[in-house]
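Architecture at a glance
One-letter residues, chain by chain:
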Amino acid sequence: MKVKSLGYIGIESNKMDEWQSYCTNVLGLMEMEAPDNELRFRMDDLHWRIAVSRGDKEDLIYAGFDTRDSDRLNALVEQLATLGFKASEDAALATSRGVSCLYKVADPDGLQVELFYGATEIAEIPFISPAGVSGFLTGDQGLGHIVLYTGDIEEKRRFYMQGLGFKLSDTILMGGEVMLTFLHCNPRHHTVALVPAPVPKRMNHFMVQANTLDDVGHANDRAQRLGAPITVSLGCHTNDRMVSFYSRSPSDFEVEFGFGARVVDDKWSVGHHTGPSIWGHKAVTQDQ
Ligand SMILES: [Fe+2]
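Positions within a chain are numbered from 1, following the residues in the order the chain's sequence is written. It should be noted that, the model being predicted, local features are given only for residues of pLDDT at least 70 and side-chain atom pairs only at 80 or more, the latter also being counted only at that level, while totals for whole chains, interfaces and linings use all residues. Each side-chain value is derived from all of the structure's non-hydrogen atoms; neither hydrogens nor water enter the calculation.

Thoughts on the nonpolar core
How we decide: Side-chain atoms within 4.5 Å are what join buried Ala, Val, Leu, Ile, Met, Phe, Trp, Tyr and Cys residues into a set we call a nonpolar core. Only protein chains enter the calculation, and the probe is 1.4 Å; a residue is then buried if its accessible area is under 20% of its type maximum, exposed if over 50%, and partly exposed in between. Put simply, DSSP H or I for four residues or longer makes a helix, DSSP E for two residues or longer makes a strand, and each gets a number counted from the N terminus. What counts as a domain boundary in this text is fixed by an automatic or database domain assignment. In what follows, a contact means two residues having at least one pair of non-hydrogen atoms within 4.5 Å.
Residues Ile-9, Phe-65, Ile-146, Tyr-160, Leu-164, Phe-206 and Phe-257 are the most contacted members of the largest nonpolar core, which totals 63 residues. Considering each element in turn, this core owes the most residues, five residues, to helix 1 (residues 16-26). Inspection of this core shows a minimum of three residues originating in each of domain 1 (5-117) and domain 2 (139-280). Excluding residues that lie within four positions of it along the chain, Ile-9 makes contacts with Trp-48, Arg-49, Ile-50, Ala-51, Leu-60, Tyr-62, Ala-63, Leu-143, Ile-146, Met-203 and Phe-206. In this structure, Trp-48, Ile-61, Tyr-62 and Leu-102 belong to the second largest nonpolar core, which totals 10 residues.

Structure, rendered in structure tokens:
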């Protein structure tokens, strides 16, 4: 049994104004009404996909995975329990998130993972990007991907692969010593990737995928014009073939903005790479 897709993510930050500007003006997400001390952003027909709550962590604090229906949600809760991960239902939180049913469980690094079905759709109100992004690739592939640091890669793999049903897409050996793990639960090449590094932050970066290459170019221009630091230049990844660039979010982790990734299908074979990029993706010094 596996989750269907990454439905939403929640970030905690005290830089609410910066996040509001970054998400709307740089990423081109649509701001929606939100509870007090929270920002919510939309990227497709769903009510919201990315939330920022006021607080001190400057990090990812929860990730919501769509399980499609109640049968699959219950099976996943049982699957997690057999591995020693106890998920509990939270009806009040389901109401707050705008989903029909929700269970929450802590992953091995204490990240709150929320398993849900029945996310609120508002297709009757068209998604309009305030920055003119033509659209984001979501649907069966979910909101994008998250790349997580972990102090215990084996336990983290057990949770996401045996617990949530993710499959291995490939690995990348970075700098000859750090092995990154890329996991899929749908055609998106990776929805979750794992970095074995015991750093204080959970979040290395999250990625949103636009519908055209021009969207990436325009976002790159906006980041430079609006002063969002570009940390990694335009480039193409070896494993998912995403053409993308990275900028620094107000909470200091990075955000990848990409286009054109290849997908995982029935013919996919697990791969391995010795570097992250075919071309580009050069580290950018901050005075540029
Ligand atoms: Fe990425």
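Focus: the sheet that holds strand 3 (residues 38-42)
What counts is decided by this rule: Note on pairing: two strands pair once DSSP finds at least 2 bridges between them. To get an axis, fit a line to the C-alpha atoms, keeping to the stretch in contact for a helix; angles then go from 0 to 180 degrees between the N-to-C directions.
The strand order across the open sheet formed by eight strands is 2-3-4-1-5-8-7-6, and the pairing between neighbours is mixed. In this open sheet, the two strands that pair with only one neighbour each are strand 2 (30-32) and strand 6 (88-89). Pairing analysis gives three bridges linking strand 2 to strand 3, with the strands arranged antiparallel. Residue pairing in the sheet places Met-32 in a bridge with Arg-40 of strand 3. Packing against the sheet, helix 1 makes contact with strand 1 (5-13), strand 2, strand 3 and strand 4 (50-54), and its axis sits at approximately 5 degrees to strand 3.

Focus: the domain arrangement of the chain
Note the cut-off: Reported buried area values correspond to the accessible surface (1.4 Å probe) lost by two parts on association, with both partners' losses combined. A pairing counts as a salt bridge when a side-chain nitrogen of Lys or Arg comes within 4 Å of a carboxyl oxygen of Asp or Glu. Between N or O atoms, a polar contact is any pair within 3.5 Å; within protein, one atom must be a potential hydrogen donor and the other a potential acceptor, and residues adjacent in sequence are included only when both atoms are from side chains.
If you check the domain split of the chain, you get domain 1 (5-117) and domain 2 (139-280). Taken over C-alpha atoms, the centre of domain 1 sits 19 Å from the centre of domain 2. Buried surface at the junction of domain 1 and domain 2, summed over both partners, amounts to about 3300 Å²; 67% is from carbon and sulfur atoms. Of the charged contacts, one joins Asp-107 and Lys-156 as a salt bridge, the two residues approaching to 2.6 Å between their closest N and O atoms. Linking domain 1 with domain 2 are 21 residue pairs in polar contact (both at pLDDT 80 or more), by the criterion used here. Sorting the residues of the side of domain 1 that touches domain 2 by element identifies strand 1, helix 1, strand 5 (59-66), helix 2 (70-82), strand 7 (101-106) and strand 8 (112-117) as the ones contributing at least two each.

Concerning the coordination of the iron ion
Heads up, the rule is: For Na, K and Ca the donor cut-off is 3.2 Å, while for other metals it is 2.8 Å, and in both cases only N, O and S atoms qualify; water is not among them, so sites may look incomplete.
Taken together, His-145 (NE2), His-205 (NE2) and Glu-256 (OE) make up the protein donors of the iron ion, found 2.0 to 2.2 Å from the metal. Written as a sequence motif, the donor residues of the iron ion are H-x59-H-x50-E. Of the two residues, His-145 sits in strand 9 (residues 145-150) while Glu-256 sits in strand 16 (residues 254-259), which places them 111 residues apart along the sequence. On the basis of relative accessible area, Glu-256 is assigned to the buried category, the value being 1%.

Some words on the environment of Glu-124
In this fold, Glu-124 is placed in the loop between strand 8 and strand 9. Residues Glu-124 and Val-77 lie 47 residues apart in sequence; the distance between their C-alpha atoms is 33 Å.

Quick word on helix 5 (residues 213-226)
Threshold: Between the first and last residue of a helix there are one fewer steps than residues, each counted as 1.5 Å, and that sum is the expected span. Regarding the arc, it is the one traced by the directions from the helix axis to the C-beta atoms.
Helix length check: helix 5, at 14 residues, gives a terminal C-alpha distance of 20 Å against a target of 20 Å (1.5 Å per residue), a fit within 8%. Regarding helix 5, the residues found buried are Asp-215, Val-216, Ala-219, Asn-220, Arg-222 and Ala-223. Buried residues of helix 5, viewed axially, fall in a sector of 165 degrees; they line one side. Pointing more than 90 degrees away from the buried face of helix 5 are the exposed residues Asp-214, Gln-224 and Arg-225. Positive phi shows up at Gly-227, right after helix 5, with a value of about 80 degrees.

Looking at the packing of aromatic side chains
Remark: the centre distance and the inter-plane angle together describe each pair of aromatic rings, the angle taken between the planes. Rule in force here: Between 30 and 60 degrees the pair is tilted, below 30 it is stacked and above 60 it is edge-to-face, where a pair is any two Phe, Tyr or Trp rings, Trp via its six-membered ring, whose centres lie within 6.5 Å.
Counted under the stated rule, the structure contains 13 aromatic pairs. For the pair Trp-19 and Phe-253, a centre-to-centre distance of 5.8 Å together with 40 degrees between the ring planes defines the contact as tilted. Of this pair, Trp-19 sits in helix 1 while Phe-253 sits in the loop between strand 15 (243-248) and strand 16, and the two are 234 residues apart along the sequence. An aromatic cluster of three or more residues is present, and its members are Phe-65, Phe-85, Phe-159, Tyr-160 and Phe-166.

Thoughts on the sheet that holds strand 13 (residues 203-209)
Across the sheet, which stays open at both edges, the 10 strands sit in the order 17-10-11-12-9-13-16-15-14-18 with mixed pairing between neighbours. Pairing within the sheet leaves two strands with one partner each, and these edge strands are strand 17 (271-273) and strand 18 (277-280). Each adjacent strand pair in this sheet contributes to an overall mean axis angle of 25 degrees, direction not counted. Two elements, strand 14 (residues 230-237) and strand 18, share three bridges in a ladder whose sense is antiparallel.

Quick word on the pattern of salt bridges
This structure, assessed with the given rule, holds nine salt bridges. Notably, a salt bridge pairs Arg-97 with Glu-114, separated by 2.8 Å at the nearest N-O pair. Taken together, the residues span a long stretch of sequence, with Arg-97 in helix 3 (residues 91-97) and Glu-114 in strand 8 at a distance of 17 residues. Note on Arg-97: relative accessible area 9%, which makes it buried.

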